[in-house]
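# A look at the structure
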Amino acid sequence: MPLGPTRLAIYSLWRREVVRFLRDRTRVMSSLGQPIIFWVLLGAALRNASVTVGDTDMSATTYGEFFFAGTLTMIILFTSIFATITVIEDRMQGFLQGVLVSPVPRSAIALGKIGGGATLALGQALVFMCLAPLAGVPLTLNSFVLAFAVLVMLSLALTGLGFSIAWLMDSTAGYHGIMMVLLLPMWLLSGSMFPVQGAHAILRVVMQLNPMTYALAALRQALYGVESTQVQGLPSPVLAWGVTAGFMLAMFALGAFVVRRRTVRDAT
């Protein structure tokens, strides 16, 4: 059955993002290789260090195992950033202007671009998840399904955020600047590199306001189970999953909002 104009536009933009990524081997290797190298180097450098994530010594774990979930979120973040930067490139090359004058709803443009970037981020995160046994992370069918659900929500949320920022930017240099002052700190202050409990009081408040903190908590709970000592001190599963789902919906709504704003720049 043939697709309608709106569905065809969404599919075409989604497919374009995926195909363009897979054809760029350098981009494929760098977006996945950088987090893996980061995880290996930090895990090796701090292999004798332990991280206490709860209130008892029973919850102490090696840094490589602790940083595994943080590396998954790093892959999602980096891939989302580099996927949504194509919005600026498409505007500079004239492709975006051609899409904007088409009769399809602008929300379809947002859905296609965000869906394509989220697919790339999720795919690379799943490849890295295969290394879970090497990190000492117990991975069962149930934990994989739950972790997959969290990664889907986080991929859509971060890609939606990146898309919204990129839509308002005129240069890739400016986008990289936003990444360094907003997106990267969001990841650093999510509990990816150090537990929330051990942070300074001011940083702890910032981390509690950071939606990525709850996404990471939901991911750890999915990987270990809510009864594990590895998730002591984290937000409750209801709060963690609720904030993550709300973050996803809010970022897609933001993307749909900014793409509907008609500006003079869209036609130039």
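Just so it is clear, the model here is predicted, and its values are computed rather than measured.

## Considering the overall build of the protein chain
- When its secondary structure is counted, the protein chain shows 12 helices and 2 strands.
- Put simply, the protein chain runs from its N terminus to its C terminus through helices and strands in the order α-α-β-β-α-α-α-α-α-α-α-α-α-α.
- Taken over 268 residues, the protein chain has a buried fraction of 48%.
- Once local pairs closer than 6 in sequence are excluded, the contacts in the protein chain between residues at least 24 apart make up 77%.
- When the accessible surface of the protein chain is split by element, carbon and sulfur atoms take 70% of a total near 12,600 Å².

## Remarks on the environment of Gly191
- By the element assignment, Gly191 lies in the loop between α9 (172-188) and α10 (201-209).
- Residue Gly191 is classed as buried on the basis of its relative accessible area, which comes to 6%.
- On a C-alpha basis, the gap between Gly191 and Asn210 in space is 9.9 Å, while along the polypeptide they are 19 residues apart.
- When sequence neighbours within four positions are dropped, the list of residues in contact with Gly191 reads Phe66, Val196, Met207, Leu216 and Arg220.

## Quick look at the pattern of salt bridges
- A full pass over the atoms with the stated rule returns 5 salt bridges.
- In this structure, Arg16 and Asp90 form a salt bridge, with 3.1 Å as the shortest nitrogen-oxygen distance. Of this pair, Arg16 sits in helix α1 (residues 5-23) while Asp90 sits in helix α4 (residues 86-93), and the two are 74 residues apart along the sequence.
- We classify Arg16 as partly exposed; its relative accessible area is 25%.
- For Asp90, a relative accessible area of 1% puts it in the buried group.
- A salt bridge links Arg20 to Asp90; the shortest N-O distance between them is 3.2 Å.

## Some points on the confidence of the model for the protein chain
- Per-residue confidence for the protein chain gives a mean pLDDT of 80, with 85% of residues at or over 70.
- Averaged pLDDT values for the elements of the protein chain fall to 54 in strand β1 (residues 50-52) and rise to 93 in helix α8 (residues 141-167).

## Some words on the environment of Phe247
- Relative to the elements of secondary structure, Phe247 occurs in helix α12 (residues 237-260).
- Residues Phe247 and Ala157, 90 residues apart in the sequence, show an inter-C-alpha distance of 6.0 Å.
- Sequence-distant contacts of Phe247, defined by excluding residues within four places in its chain, comprise Leu154, Ala157, Leu158, Met186 and Pro211.

## Here's the deal with a nonpolar patch on the surface
- Together, Leu139, Leu141, Phe144, Val145 and Phe148 give the surface a local cluster of nonpolar side chains, amounting to about 440 Å² of exposed area.
- Within the element layout of this structure, Leu141 appears in helix α8.

## Observations regarding the packing of helix α3 (residues 63-84) against α4
- Interaxial distance between α3 and α4 falls to 5 Å at its minimum, and their mutual angle equals 10°. One element, α3, and the other, α4, form an angle in the roughly parallel class. Residue-level contacts link Phe82, Ala83 and Thr84 of α3 to Thr86, Val87 and Ile88 of α4.
- Looking at the contact of α3 with α4 residue by residue, the class counts come to 4 nonpolar, 2 polar and no charged.

## Overview of the packing of aromatic side chains
- Inspection of the entire model under this criterion finds 5 aromatic pairs.
- Stacked on the ring of Trp167, the Lys or Arg Arg91 has its end atom at 5.6 Å from the ring centre.
- Seen from the ring of Phe66, Arg220 lies directly overhead, with NZ or CZ sitting 4.3 Å from the centre.

Rules used throughout
- Residues numbered from 1 in each chain as written.
- Predicted model: local features only at pLDDT ≥ 70, side-chain atom pairs only at ≥ 80, totals over all residues.
- Heavy atoms only, no water.
- Helix = DSSP H or I, 4+ residues; strand = E, 2+ residues; numbered from the N terminus.
- Buried < 20%, exposed > 50% of the residue type's maximum accessible area, 1.4 Å probe, protein only.
- Contact = heavy atoms within 4.5 Å.
- Areas by Shrake-Rupley, 256 points an atom, 1.4 Å probe, with all protein chains shown as cover.
- Salt bridge = Lys/Arg side-chain N within 4 Å of Asp/Glu carboxyl O.
- pLDDT = per-residue confidence, 0-100.
- Patch = residues over 30% accessible without salt bridge, like charges linked within 9 Å, V, L, I, M, F, W, Y side chains within 5 Å.
- Axes fitted to C-alpha atoms, helices over the stretch in contact; angles between N-to-C directions.
- Parallel < 35°, antiparallel > 145°, perpendicular 65-115°, else oblique.
- Nonpolar A, V, L, I, M, F, W, Y, C, P; charged D, E, K, R; others polar.
- Phe/Tyr/Trp six-rings, centres within 6.5 Å; stacked < 30°, edge-to-face > 60°.
- Lys NZ or Arg CZ within 6 Å of the ring centre and 35° of its normal.

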